[in-house]
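Residue-level listing of the chains:
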Amino acid sequence: MPRSDEAEAFFHAVYAAVQEIPYGKVSSYGHIAMLVGTPRRPRQVGLCMKHLPSDPAVRFNSQNVPWQRVINSKGIISPRSQPSGAQNQAAALREEGVDVATSALGELIVDLARHGWFPRLLPSEAQDDQDEQGPDEN
């Protein structure tokens, strides 16, 4: 089923925001939702990530959007419909130097104090703000 223009714009905004998460850092579904202007839509961010295409011919895909860097707000890698999904995400994060531990309940967890990325604005938007203000006067 084709997406509406509004849905397509939301997917685009989410994928573009996730591309700005630095290597070796993680953010949450809720924080990405806030950064794209929809703070009450963290589940929809998760839906976007779930439907990230793997086809490299598509503008946003699993090779250029670091899907592994988005976890839940408690630092837990959310379970997937396929049993190996969370393990695959943990392995991808470990390759970036992110420490992934296993909680007492068996959940895969990341220390957000160490690896979290939670800017007030996306770096691209912060740069736009600086460009609009002009150079600093001394």
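Up top is the structure these notes are about.
Owing to the predicted nature of the structure, the values given are computational and were not obtained by experimental measurement. Every chain's residues receive numbers from 1 upward, in the order its sequence appears when written. In keeping with the model being predicted, local features are shown solely for residues with a pLDDT of at least 70 and side-chain atom pairs are shown and tallied solely at 80 or more, while totals for entire chains, interfaces and linings include all residues. Side-chain calculation: all heavy atoms of the structure are included, whereas hydrogens and water are not.

### Some words on the overall build of the protein
Helix and strand definitions follow DSSP, with helices as H or I runs of at least four residues and strands as E runs of at least two, each counted in order from the N terminus. Within the protein, the regular secondary structure consists of six helices and four strands. When its helices and strands are written in sequence order, the protein yields α-β-α-α-β-α-β-β-α-α. Taken along its principal axes, the extent of the C-alpha atoms in the protein is 55 × 45 × 30 Å. The buried label applies to any residue whose accessible area, calculated with a 1.4 Å probe on protein chains only, is under 20% of its type's maximum; exposed applies above 50%, and partly exposed to all values in between. Burial status across the protein gives 35% buried among its 138 residues.

### Quick look at the pattern of salt bridges
Oppositely charged side chains may form a pair once their charged atoms are brought near each other. A carboxyl oxygen of Asp or Glu within 4 Å of a side-chain nitrogen of Lys or Arg is what we treat as a salt bridge. Overall, the coordinates contain three salt bridges when judged by the stated rule. Residue Glu8 pairs with Arg3 through a salt bridge whose shortest N-O separation is 3.4 Å. Take Glu8: its relative accessible area is 41%, and that puts it in the partly exposed class. Salt-bridge contacts for Glu96 lead to Arg69; the nearest nitrogen and oxygen are separated by 2.9 Å. Remark: Arg69 occurs in the loop between helix H3 (42-50) and strand S2 (70-71) and Glu96 occurs in the loop between helix H4 (85-95) and strand S3 (100-102); sequence separation between them is 27 residues. Like Arg69, Glu96 is buried.

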